[in-house]
Amino acid sequence: MLTVRGLDVHYGSVHALKGVDLEVARGTVTALLGANGAGKTSTLMAVAGARRASGGAIEFEGRALIGMRPEAIIRSGIGVVPEGRRVFASLTVEENLRVAGSLHTDRAEAERLRGAMMERFPILAERRTQRAGLLSGGEQQMLAIARALMSAPRLLLLDEPSLGLAPQMVDRVFDLIAELKAEGLAMLLVEQNVPLSLEIADRVVVLANGRVSVAGTAEELAGSDLIRGAYLAA
Ligand code: ATP
């Protein structure tokens, strides 16, 4: 459903992505791994329309995304959970979800989705009137995911959802990702946690210095030294 071909991203004279190819098939998870600075966030942000691609093609369900505005990309069916969660700290949990819901033209649908999020995330329901900035890191991550789900996406982009979380919360976030996958949601998952990523992913793409160094199915790569080598050496 998502195809990225020959993606190039520049930051001034820095050539951050040099012809990245990857795919996410319907209902599957592709994990994007690699060392710091390898280009994972740049790839995700280019798909989300938040970074301008200087070359290549990005297609989602047959539609070319390059040049589309980030809001239009969200409306086309792609949800984004950015690195560092970026919830609105001074707004309440409920207000964070309302802001996300305001992207919907249909208010009734936005209300229905907000109710569904409160049911799915009891911790958010409990804290609905609390400022998001007062939540723990794990709770903020849940809120960031709930917010992204408010646009009823068919593909979710997740940037390091487990980063900085207590081990117990890491497990909860990955349980949630597994649940969403079981419901048929496709995901492009940027992660540092290689073992958990290999467990949940169907396909794995490893970036090194802005290029794909290894790509294959999670099964192929889980047993191979390639991934360890590529990941650690990058
Ligand atoms: P991390 O895990 O640290 O987020 P990453 O794999 O997501 O790393 P990117 O953040 O995509 O990597 O960065 C890829 C390259 O682009 C790096 O060399 C980085 O220094 C550079 N880069 C990223 N953002 C900018 C920017 N705003 N200006 C200049 N260079 C940037």
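Higher on the page you've got the structure.
A brief report on the enclosed structure follows. (Residues numbered from 1 in each chain as written. Predicted model: local features only at pLDDT ≥ 70, side-chain atom pairs only at ≥ 80, totals over all residues. Heavy atoms only, no water.)

### Brief notes about the site of the ligand
In the vicinity of the ligand lie 14 residues, with Gly37, Gly39, Lys40, Thr41 and Ser42 positioned nearest. Between an oxygen atom of the ligand and a main-chain N or O atom of threonine 41, the distance comes to 2.7 Å. Side-chain polar atom of glutamate 160 to an oxygen atom of the ligand: 3.3 Å apart, as the coordinates give it. For the ligand, whose unbound accessible area comes to 630 Å², protein coverage reaches 62%. In terms of residue class, the shell around the ligand is made up of four nonpolar, six polar and four charged. (Near = heavy atom within 4 Å. Polar contact = N/O pair within 3.5 Å; in protein donor to acceptor, adjacent residues only side chain to side chain. Areas by Shrake-Rupley, 256 points an atom, 1.4 Å probe, with all protein chains shown as cover. Nonpolar A, V, L, I, M, F, W, Y, C, P; charged D, E, K, R; others polar.)

### What to know about the nonpolar core
Among the nonpolar cores identified, the biggest contains 47 residues, and Phe121, Ile145, Leu156 and Val204 are the most heavily contacted of them. Core analysis: the next-biggest nonpolar cluster, separate from the first, contains 30 residues, Leu17, Val47, Ala48 and Ile73 among them. (Core = buried A, V, L, I, M, F, W, Y, C linked by side-chain atoms within 4.5 Å. Buried < 20%, exposed > 50% of the residue type's maximum accessible area, 1.4 Å probe, protein only.)

### Considering the packing of aromatic side chains
Applying the stated criterion across every chain, the model contains zero aromatic pairs. One cation-aromatic arrangement involves arginine 147 over phenylalanine 88; the distance from NZ or CZ to the ring centre is 5.4 Å. (Phe/Tyr/Trp six-rings, centres within 6.5 Å; stacked < 30°, edge-to-face > 60°. Lys NZ or Arg CZ within 6 Å of the ring centre and 35° of its normal.)

Without other data, these values stay purely geometric and don't point to any function.
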